[in-house]
Amino acid sequence: MGTIDMNHPQRVWVSRPLFPEVVAKLAEHFEVLAESEDQRRSPEQLRAKLAEVDGALLGLADRVDAAVLAGNRRLKAIANLGVGYNNLDIDALNAAGIVATNTPDVLTESVADYAWALLLAAARRVSAAERWLRAGHWQGMRFDDWLSVDVHGKALGILGMGRIGQAVARRAAGFGMAVSYHNRRPLPAELEQACRARYVDKPTLLRESDHLVLVLPFTPENRHAIGAPELAAMKPTAVLVNIARGGIVDDAALAAALREGRLGAAGLDVFEGEPAVHADLLKLDNVVLSPHIASATADTRRAMASLAADNLIAALGRGPRAGRPPTPINPAVLAK
Ligand code: GLV
């Protein structure tokens, strides 16, 4: 980071509507340009906005790469509103000397809760049954109708075992489930014990899981980590939950497997090319769909916004943690 001129008023841009108290916190330190509409911006629009500010608080739909940063001499910090940061090209930020931050930890428990909401809803057909009831089809209880699959006592698989995966695993104890996971590396033994989870290879995880939750980061290697071959390896009754990122699952292959009864059900909070949702998924009743809301409780979204603001304030050399943002993604930039 270059040296900070305390006489020059720093300007920050908040790209999405944010809680007023968080904007007010930023305004104690900076001139704040805060958007009141949630808009999609072209790379050119983003480039123009970022050229006029010292820092930016961005949402996951704002994609920053080398082209967006080209010619930018002013920007020093980006605070990303989310734990995942596949919208940011970290190499390009490093090259430009821009520090980026994310919002880990504060959302872990809410996102893990939501994974369970989707798992239970998909396995027990909650959304489909409600649609049917609201459509006026319920004429009386039929004992042999609306049969679904159990969650309790089944084998839970978790692909990706970071903080959120571990929080999903810990909740499984209450459902009496056997938990297996696959990750780039096995967890240290004490963490494995705390999660009561067993490390297995990916083929074993796919083959043995009754229910599989995806919690891995979206990297180029993880694109279509669940595609047609992986879906074919799963139980035809299995429930798949994706709370990670669109693109980790091949949505077209998933829709085909759900339609053809090669997979039981799915719960999806994220989609390839969102906010667009694959047309074939929208036609199916055995999938629960939600608009990327796993962290969206009032408490957690406020905590995320507040952490992002603290990061931006510190990264731009202000406040009690000046120069030491709480959760940097590329801290080496700060040392320069
Ligand atoms: C949400 O998807 C996040 O990465 O926080």
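Here, every reference points to the structure presented above.
Residues numbered from 1 in each chain as written. Predicted model: local features only at pLDDT ≥ 70, side-chain atom pairs only at ≥ 80, totals over all residues. Heavy atoms only, no water.

**Overview of the packing of helix α5 (residues 108-123) against helix α7 (residues 163-171)**
For clarity, the threshold we go by: A fitted line through C-alpha atoms serves as each axis, taken over the contacting stretch for helices, and the angle formed by two N-to-C directions is quoted from 0 to 180°. Only DSSP runs of H or I reaching four residues or more are called helices, and only runs of E reaching two or more are called strands; each is numbered from the N terminus. Put simply, angles under 35 degrees are roughly parallel, angles over 145 are roughly antiparallel, angles from 65 to 115 are roughly perpendicular, and the rest are oblique. Note on convention: the crossing is left-handed when the near helix lies turned anticlockwise from the far helix by less than a right angle, right-handed when the turn is clockwise. Should any heavy atoms of two residues lie within 4.5 Å, those residues are counted as being in contact. Residues are grouped as follows: Ala, Val, Leu, Ile, Met, Phe, Trp, Tyr, Cys and Pro are nonpolar; Asp, Glu, Lys and Arg are charged; every other residue, Gly included, is polar.
Two numbers describe how α5 lies on α7: the axes approach to 8 Å, and their chain directions differ by 55 degrees. Compared by their axis directions, α5 and α7 come out oblique. Crossing angle aside, the handedness with which α5 passes α7 is right-handed. On α7, the residues that touch Thr108, Glu109, Val111, Ala112, Asp113, Ala115 and Trp116 of α5 are Arg163, Ile164, Ala167, Val168, Arg170 and Arg171. For the contact of α5 with α7, the per-class residue count stands at 7 nonpolar, 1 polar and 5 charged.

**Description of the environment of Asp38**
Inspection of the secondary structure puts Asp38 in the loop between β2 (31-34) and α2 (43-51). Between the C-alpha atom of Asp38 and that of Ser295, which follows or precedes it by 257 residues, the distance is 18 Å. Not counting residues within four places of it along the chain, the set of residues in contact with Asp38 comprises Arg16 and Pro17.

**Comments concerning the sheet that holds β2**
As a reminder of what qualifies: Note: two strands are recorded as paired if DSSP finds a minimum of 2 bridges between them.
Taken in spatial order, the 5 strands of this open sheet run β2-β1-β3-β4-β5, and their pairing is parallel. The sheet terminates laterally at β2 and β5 (99-101), the two strands that pair on one side only. This sheet shows a mean twist of 15 degrees between the axes of neighbouring strands, independent of strand direction. As paired strands, strand β4 (residues 77-80) and β5 are joined by 3 bridges and run parallel to one another. By the bridge assignment, Ala77 is partnered in β5 with Val99.

**Considering the pattern of salt bridges**
Definition in use: What counts as a salt bridge is simple: a side-chain nitrogen of Lys or Arg found within 4 Å of a carboxyl oxygen of Asp or Glu. Each residue's exposure class comes from its accessible area (1.4 Å probe, protein chains only) as a fraction of the maximum for that residue type: buried when under 20%, exposed when over 50%, partly exposed otherwise.
Evaluation of the coordinates by the stated rule reveals 23 salt bridges. The salt bridge partner of Arg16 is Asp62, with a shortest N-O separation of 2.5 Å. Residue Arg16 is found in the loop between β1 (11-14) and α1 (20-27), and its partner Asp62 is found in the loop between β3 (55-58) and α3 (66-69); the two are separated by 46 residues along the sequence. The salt bridge involving Asp105 is made with Arg163; its shortest N-O contact spans 3.4 Å. Highlighted residues: Asp105 in the loop between β5 and α5 and Arg163 in helix α7, separated in sequence by 58 residues. Residue Asp105 is classed as partly exposed on the basis of its relative accessible area of 46%.

**Considering the environment of Leu81**
Within the fold, Leu81 resides in the loop between β4 and α4 (90-96). Exposure remark for Leu81: the relative accessible area of 17% places this residue in the buried category.

**Re unusual backbone geometry**
The omega torsion across Glu274 and Pro275 is 15 degrees, close enough to zero to call that bond cis. Mapped onto the fold, Pro275 is located in the loop between β11 (265-268) and α12 (279-282). Its identity is not glycine, yet Asp105 carries a phi of approximately 70 degrees, on the positive side. In this model, Arg196 sits at a positive phi of 45 degrees, which is unusual for a non-glycine residue. Residue placement: Arg196 occurs in the loop between α8 (189-195) and β8 (197-199).

**Focus: the layout of surface pockets**
Let me state the cut-off plainly: In the cavity and pocket records, a cavity denotes points on a 1 Å grid over the protein atoms alone where a 1.4 Å probe fits but cannot get out, a pocket denotes an open set with protein on both sides within 12 Å along at least 5 of 7 lines, and lining residues are residues with an atom within 4 Å of a point. Grid points are joined across faces, edges and corners, and a volume is the space filled by probe spheres set on the points.
Size it by volume and the second largest pocket reaches roughly 240 Å³. Considering the residues around the second largest pocket, the lining is formed by 19 residues, among which Ala122, Arg125, Gly264, Ala265 and Asn286 are closest to the centre. For the lining of the second largest pocket, the secondary-structure elements that each account for two or more residues are α5, α6 (126-134), β11 and β12 (287-289).

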